[in-house]
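Structure at a glance
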Amino acid sequence: EDWTMGGNVTPAWQSINGGANGTLKAIASNPNVVDNQFVWIKTSNISFLMAGNVSFVWNISSESGWDFLGFCIDKNFGDSGCTRTSATARISGTKSFTQNKTFNINAGQHFFTWFYAKDSSVTSGADQGVIDEIDFDTGAYANLSINLNKTGTFFWNYLAFDNSSKDPTMRS
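Just so you know, the residues in each chain are numbered from 1, in the order the chain's sequence is written. Local features in a predicted model are, by the rule used here, given only for residues with pLDDT of at least 70; side-chain atom pairs are given and counted only at 80 or more, and totals for whole chains, interfaces and linings are based on all residues. Remark: hydrogens and water are excluded; side-chain values derive from all non-hydrogen atoms of the structure.

Time to look at the sheet that holds strand 7 (residues 68–73). Strand pairing requires that DSSP identify at least two bridges connecting the strands. Strands are runs of DSSP state E lasting at least two residues, helices are runs of H or I lasting at least four, and both sets are numbered from the N terminus onward. Within the open sheet, the five strands sit side by side as 1-4-11-7-8. Their pairing is antiparallel. Looking along the sheet, the strands with just one partner apiece sit at the ends: strand 1 (3–7) and strand 8 (89–91). Between one strand axis and the next, the sheet turns through 15° on average, direction left out of account. Inspection of the sheet shows strand 1 paired to strand 4 (residues 38–43) by five bridges, in the antiparallel sense. Looking at strand 4, one finds that Gly-7 is bridged to Val-39. All axes here are fitted lines through C-alpha atoms, helices being fitted over the stretch that makes contact, and every angle between N-to-C directions spans 0 to 180 degrees.

Now the structure itself:
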């Protein structure tokens, strides 16, 4: 599984200190996004062997009602239903990491996109969105989670269970 990212600013997303639990790193939109700009980050296709879910926590510091951190399922940023004004979920204003989100996912191949997008004017707060504790429950005793290592590099954890003993083994 790979991450891709893009938008008007490079790098589009970066690691920061101060994740949801106060000690881990998190991924944050580049704070240099200005009026009428956006950045996005998305996963490659992930196989859900059975119906499962995707969950994460996020926070934002932005102009309320105008600049958004958004999330889309099976859509690229800019597609209908995955824009600053329309997404599977989006938040704006000042929100803390208490913003936990979980979405049910059908069996099959799916990809997930997060974005931060600004409107045409006004800077408010940090003008930044942060995502942490992303977890993909893909069904069939398998679980994927995305974290950042100490240098801020993305890595996947794959937690697999032996079908007979249900003993977990961690793979990267």
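Salt bridges are counted wherever a side-chain nitrogen of Lys or Arg sits within 4 Å of a carboxyl oxygen of Asp or Glu. For the coordinates displayed, the defined rule picks out three salt bridges. The partner of Asp-35 in a salt bridge is Lys-118, and the shortest N-O contact between them spans 3.7 Å. With Asp-35 in the loop between strand 3 (26–29) and strand 4 and Lys-118 in the loop between strand 11 (112–117) and strand 12 (128–139), this residue pair connects regions lying 83 residues apart in the sequence. The closest approach of N and O atoms between Asp-127 and Lys-118, which form a salt bridge, is 3.1 Å. Partly exposed residues are those whose accessible area sits between 20% and 50% of the maximum for their type, while under 20% is buried and over 50% is exposed, using a 1.4 Å probe and protein chains only. For Asp-127, a relative accessible area of 4% corresponds to the buried category. Salt bridges sharing common partners tie together Asp-35, Asp-67, Lys-118 and Asp-127.

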